[in-house]
Amino acid sequence: MIKIVKRDQPSRAIFFFTPVLAIFLTLVAGGLIFFILGFKPFEALKFFFIVPIADKYGFSELLLKATPLCLIAIGLSFCFKSNNWNIGAEGQLTFGAIVSGGVALLFYEQEGFYILPIVILAGAIGGMLYASIPAILKTYFNTNEILVSLMLVYVSKLILDYLVVGPWSNPEGFNFPETRQFSDSAKLPLLFEGLRIHAGIFLALAAVVISWFVFYKTYLGFQMKVSGFSLKTAKYAGYKGKKMIILVFLISGACAGLAGVGEITGPIGQLHREISPDYGFTAIIVAFLGRLHPVGIIFASLVVAITYLGAETAQIFMQIPKYTGQVFQGMILFFLLASDYLLFFKIKFIGLKK
Amino acid sequence: MNTNLKISNVTKIYPGCVANDNVSLEFNSGKIYALLGENGAGKSTLVKILSGVIIPDEGKIYLNENNLKLNSPLDAKKNDIGMVFQHFNLFETLSVFENLIIDSDEQRESLREKIDTIMKKYNFSIDLDIPILNLSAGQKQKVEIIRCLIRNPKVLIMDEPTSVLTEQETSELFLSLKKFSEEGILIIYITHKLKEVMQLCDEVAVMRRGKLVSVSEIKNENIESLANKMVGQNLKTIKKKKAKTSSDQLIKITNLNFTSEDPFETNLIDINFSVNRGECLGIAGISGNGQSELFQVLSGEIISEKNSIEFNNNYIGDLNPQERREYLMAFSPEDRLEQAAIPQMKIFENVALNNFKSSNFFNNGLINENKIKEHSKKIISDFNVNTDNIELKSQFLSGGNLQKLIIGRELITSPDLLICFNPTWGLDVGAINYIHETLIKINEQNKSIILISTDTDELLKLSDKISVIHKGKLSKIMNAEEVTSEKLGILMGGAN
């Protein structure tokens, strides 16, 4: 007989084990799906997870996709750890990209070392501004941040649409929905000749280090933690709980905005309609798969980035729709949430009672 | 008709704790039974088993020799076992009648007739058509009782029914219960208040740590003997030495008002009082009469006019709690798990919540973990917190140990004034004693206390002066020797 028993104390080993278990279950379920679709499961999984990163170029692409995921997830971890459910990182990314893109377009004929920092800063500020909307509405008007931040995603995408079709579209662009190319000074430098990996990865790594330091080592981080657990306690301790909420949203927005900057000043080089394949939403999965811990998020962003690449190779070599990538992302989250059950309960196998 | 309820060898085990350890008890109608024990003794588990909320691991329940299978509260109702829980299960915005008809299968007309008969019989007067939220706690409880009586129960279980009642409402309740008992309803009365047991009951069963300790007749017991059975040790009776009368004023509240935007909060109206050094001012009242708001105004969670609070010759009404701590005030809120501490955080992290200036817990914005840990160890040893692991998450401390930690955290700065709100709520007798001794010690060191409490005995034991809060207004301040619990009860009910 199987009996389910509540744990006295969540197990720390299980805490780190469940993400691994979730990935394993995803692979099994994924293989099963491929089998049902009529593919050889192992071959399909190989195309999905190994072929894409087997060479130098593939590895560079992996880091390229992992960079925005990691950056956004780090920002989100501040929100999620303090119980603020910002799920609109995609919108903050888009708005950050709009602001920084706008600044980059101002300088489209100019060169100079000062341009890139201004463009980057503009992106961070754009993301912060956009994240401040749900934050302020939550703290002062008691609105639900989940709804507000989610709906704002579509608003920002429509603003972007309007801009690239209308006022910002390239005058020499034959009415394609895109802006001019940014000048080279407004682009993040490439790290290696012939590969697309760019300096944005250093932004992500810096975010990892800084977030670890702030959250675990500073008074500010402590206050954020306390405010997240209980606003009543924060008030009692004399912390400014509402300001802490706004602050975590701003941090999260800044990170998402920077991810947007990385995309448009890195591989894309201009603004057009589809600057992000839903990095902002996928990063939610990354944040939880990485257990909201900076180091965990690095690994999680790499794992999830593979699903993007795998979907592309699978489409090319096996004619499987690239949306399979999203199926895999969904499965990872699903299995992670399911296996988190083991954090609080253990399964006991006991002999049959007579 | 006689009712016989038998509990036979009931055991219920939770992870890490045996809530009921092979408990067997027998009840007969015509008597009122007390089930007595400290918090965590297992009495709630036992009555939840009787009312079908919890299914026991082992053991059987017999009603008139029939083995009952109680798998849900509905089964209990079907078997004529009624239960009135400590916390009311009523819909505040629905009318009394709507609340009663919800779980009844009867027609509106016949139900109304039935309710009218019940109310006439027991002298209840409640308007059936007004919403529950307009009722007093005592009236709400009557609605719950009527809900049980509609079903003509053989057994009526009352779980800590007097915790929200005034003295007057309590004696009314007792009269009703005696009447029910005369009519043949078997009454089981759960409490940890010894005085009530002596007043009301015929027999008493005492539980301790999941085990049944004794069953005896009330006439063979007295308060001391019951207390000793409950705690399992001879209690030291704490007696406060009368404070030296000091005229050195420490805190003065002048014309303090607070108007809340939240309809569920109570407004404070014209609060005026002062506390001298070495004095304990007790503030009595039934919960929900503005105590929580008063605590927050005093602690600085709610900011008021600068001049309304004068502490040690400084006006501090507009300062937040952390700033007030710098003036040597300390605060122990009512809600240990949601406000005073964060259960998911470690002990030493909770200690850091009292970040007074000289603590050096945080230097230049960085956490000084060594300093916090060192300090935490001192609190744990000075205040008898029963653990030596400061990395333990606070949720694994018992209520008593958590409260010692909180009081310790607040007192280790040796503040001039401690403001505490229900400091012993839900604790066992041992921990209550410890907290009381600590509070008395503070007064002896010429430091002051404002004690907001709903426990009248505690107030009479510890206070030098007492005032009563009712609907956000304070009564005049009385000397503790002149006050009796009856007098407090009258004031708590709102009379002059």
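Residues numbered from 1 in each chain as written. Chains lettered and ligands numbered in written order. Predicted model: local features only at pLDDT ≥ 70, side-chain atom pairs only at ≥ 80, totals over all residues.

Right, let's get into the interface of chain A and chain B. Contacts between the two partners involve 17 residues from chain A and, on the opposite side, 22 residues from chain B. For the side of chain A that touches chain B, the secondary structure elements donating two or more residues are β1 (2-6), α8 (219-229) and α9 (231-237) of chain A. Looking at the side of chain A that touches chain B residue by residue, the classes come out as eight nonpolar, four polar and five charged. (Contact = placed C-beta atoms within 7 Å. Helix = DSSP H or I, 4+ residues; strand = E, 2+ residues; numbered from the N terminus. Nonpolar A, V, L, I, M, F, W, Y, C, P; charged D, E, K, R; others polar.)

Moving on, we come to the pairing of strand β11 (residues 249-258) of chain B. Residue and element names in this part refer to chain B. Across six bridges, the pairing between β11 and strand β12 (residues 268-276) is antiparallel. Bridging across to β12, Gln249 finds its partner in Asn276. With three bridges joining them, β11 and strand β14 (residues 309-311) adopt antiparallel strand pairing. Looking at β14, one finds that Lys252 is bridged to Glu310. (Pairing = 2+ DSSP bridges.)

Backbone-to-backbone hydrogen bonds join strands into a sheet, with any given pair of strands oriented parallel or antiparallel. Residues and elements named next belong to chain B. Strand order in the open sheet made by the six strands is β6-β7-β8-β3-β9-β10, with mixed pairing throughout. Where the open sheet ends on each side, the last strands, each with one partner, are β6 (81-84) and β10 (211-217). Neighbour-to-neighbour, the strand axes of the sheet open up by a mean angle of 20°, direction not taken into account. Running over the sheet, helix α1 (residues 43-50) touches β3 (32-36), β6, β7 (155-159), β8 (186-191) and β9 (203-208) and is turned about 150° from β7. Along the sheet, helix α5 (residues 137-149) contacts β6 and β7; its crossing angle with β6, the most-contacted strand, is approximately 170°. (Axes fitted to C-alpha atoms, helices over the stretch in contact; angles between N-to-C directions.)

Now for unusual backbone geometry. The phi angle of most residues is negative, glycine excepted, and most peptide bonds adopt the trans form. Residues and elements named next belong to chain A. Backbone geometry at Leu292 places phi at a positive 60°, although glycine is not the residue there. Summarising the element assignment, Leu292 is placed in the loop between α11 (279-289) and α12 (294-318). On the neighbour-count criterion, Leu292 (19 C-beta atoms within 10 Å) is partly exposed. (Buried ≥ 20, exposed ≤ 12 C-beta atoms within 10 Å, placed from the backbone.)

What follows deals with the domain arrangement of chain B. Think of interface size as the accessible area that goes away when the parts come together; that is how it is often given. Residues and elements named next belong to chain B. According to the domain assignment, chain B contains domain 1 (4-231) and domain 2 (249-492). Here domain 1 and domain 2 have C-alpha centroids that lie 34 Å from each other. Listed per partner, the contact involves 10 residues of domain 1 and 11 residues of domain 2. Put simply, the parts of the chain that give the side of domain 1 that touches domain 2 at least two residues each are α6 (167-182) and α8 (223-231). Across the side of domain 1 that touches domain 2, the residue classes tally to four nonpolar, four polar and two charged. (Domains from an automatic or database assignment.)

A few words now on the packing of α12 of chain A against helix α13 (residues 324-339) of chain A. All names here are of chain A. Following both chains from N to C, one finds α12 and α13 inclined at 150°, their axes separated by 8 Å at the closest point. Between α12 and α13, the angle falls in the class roughly antiparallel. As α12 runs across α13, the sense of the crossing is right-handed. Here Val304, Thr307, Tyr308, Gly310, Ala311 and Ala314 of α12 come into contact with α13, specifically with Thr324, Gly325, Phe328, Gln329 and Ile332. Residues that form the contact of α12 with α13 fall into these classes: six nonpolar, five polar and no charged. (Parallel < 35°, antiparallel > 145°, perpendicular 65-115°, else oblique. Left-handed = near helix turned anticlockwise from the far one by under 90°.)

Among the nonpolar cores identified, the biggest contains 172 residues, and Ile72 and Ala73 of chain A are the most heavily contacted of them. Among the elements that make up this core, the one with the highest residue count is helix α10 (residues 241-268) of chain A (14 residues). In this structure, Ala73 of chain A is in contact with Ala283, Val286, Ala287, Gly290, Ile297, Ala300 and Ser301 of chain A, ignoring residues within four places of it in sequence. Listed in part, the 56 residues of the second largest apolar core include Leu63, Leu70, Met158 and Leu212 of chain B. (Core = buried A, V, L, I, M, F, W, Y, C linked by C-beta atoms within 7 Å.)

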